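Overview (structure and organization)
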Amino acid sequence: MNRYDQQTSQIADICSDDADVLGLSILRFVAAGYITSDVACWDAAYDAAERMLGPIEGPQLVAAMTWIMRAIRHEREGDWAFMPATCCRATADEYQLMGLIHCARRGLQDDLRGKAKALTRGQPASSLCACVTAAADRLNALRLGLAPQTPRPANAAIH
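Below is a short write-up of the structure.

About the cut-offs
Residues numbered from 1 in each chain as written. Predicted model: local features only at pLDDT ≥ 70, side-chain atom pairs only at ≥ 80, totals over all residues. Heavy atoms only, no water. Helix = DSSP H or I, 4+ residues; strand = E, 2+ residues; numbered from the N terminus. Polar contact = N/O pair within 3.5 Å; in protein donor to acceptor, adjacent residues only side chain to side chain. Contact = heavy atoms within 4.5 Å. Expected span 1.5 Å × (residues − 1). Core = buried A, V, L, I, M, F, W, Y, C linked by side-chain atoms within 4.5 Å. Buried < 20%, exposed > 50% of the residue type's maximum accessible area, 1.4 Å probe, protein only. Phe/Tyr/Trp six-rings, centres within 6.5 Å; stacked < 30°, edge-to-face > 60°.

Note that Thr120 resides in the loop between helix H6 (109–119) and helix H7 (126–143). Here Lys117 takes part through its backbone oxygen, which lies 3.2 Å from a polar atom of the side chain of Thr120. A distance of 2.8 Å separates a polar side-chain atom of Thr120 from the backbone oxygen of Gln123. Apart from residues lying up to four places away in sequence, Thr120 is in contact with Glu75, Arg76, Glu77, Ala125 and Leu128.

Written out as structure tokens, the structure is:
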């Protein structure tokens, strides 16, 4: 059993890097927007992504995460449970989704299809697989730009 097969977790347990953490946070903002019908939730997703990635890549990542949430809403049977964007805990649904994203980021297509079917509770998941694969490509491209940087000494000049 790998770490994505468990039912409860912390963000640190299910996110392999900063790109995963940012992606999950954006997914949570998008999900909150759907639940509350409040555009401020989506604005928060864009604001967070743009602060981290800039005015082009930020909105592209929000779009990719929105594709995933739309696919879940269309292909999944039942409700979707998620935590607030800044919460350090993860729901079982988020745990499953991050396992799905993990498979896509590593190109594990057979595992991806199986995990997508489980996440949709046995429903066809072709849109979810396609959306997660596209989002995973975006997360992989961002991975290097989000890598932790070595702290600069306090007296170092900024150029």
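Here we come to helix H3 (residues 39–53). Between the first and last C-alpha of H3 there are 21 Å, a value that for 15 residues agrees with the 21 Å anticipated at 1.5 Å per step. Its side-chain oxygen 3.0 Å from the backbone nitrogen of Ala40, Asp38 forms the N-cap of H3. Of the residues one or two after H3, Gly54 is the one with positive phi, at around 100°.

Ranked by internal contacts, the top residues of the largest apolar core, which has 42 residues, are Ile26, Met65, Ile68, Leu97 and Leu128. When contributions to this core are tallied by element, the ones reaching two or more residues are helix H1 (11–14), helix H2 (18–36), H3, helix H4 (57–75), helix H5 (92–105), H6 and H7. Aside from chain neighbours lying at most four places away, what touches Leu128 is Ile68, Ala71, Ile72, Glu75, Leu100, Ala116, Leu119 and Thr120.

Looking at the element boundaries, His102 is found in helix H5. You can call His102 buried: its relative accessible area is 17%. Sequence spacing of His102 and Leu112 is ten residues, and the spatial spacing of their C-alpha atoms is 8.6 Å.

Before going further, it helps to examine the packing of aromatic side chains. As enumerated under the stated definition, the model contains one aromatic pair in all. Both rings, one in Tyr34 and one in Trp42, keep their centres 5.3 Å apart while their planes meet at 80°; by these two values the pair is edge-to-face. Given a relative accessible area of 30%, Trp42 falls into the partly exposed group.

Before going further, it helps to examine unusual backbone geometry. The phi torsion at Ser37 lies on the positive side, around 60°, for a residue other than glycine. With respect to the helices and strands, Ser37 occurs in the loop between H2 and H3. Positive phi, close to 60°, is recorded for Arg121, a residue that is not glycine. Tracing the chain through its elements places Arg121 in the loop between H6 and H7. The exposure class of Arg121 is partly exposed, given its relative accessible area of 47%.

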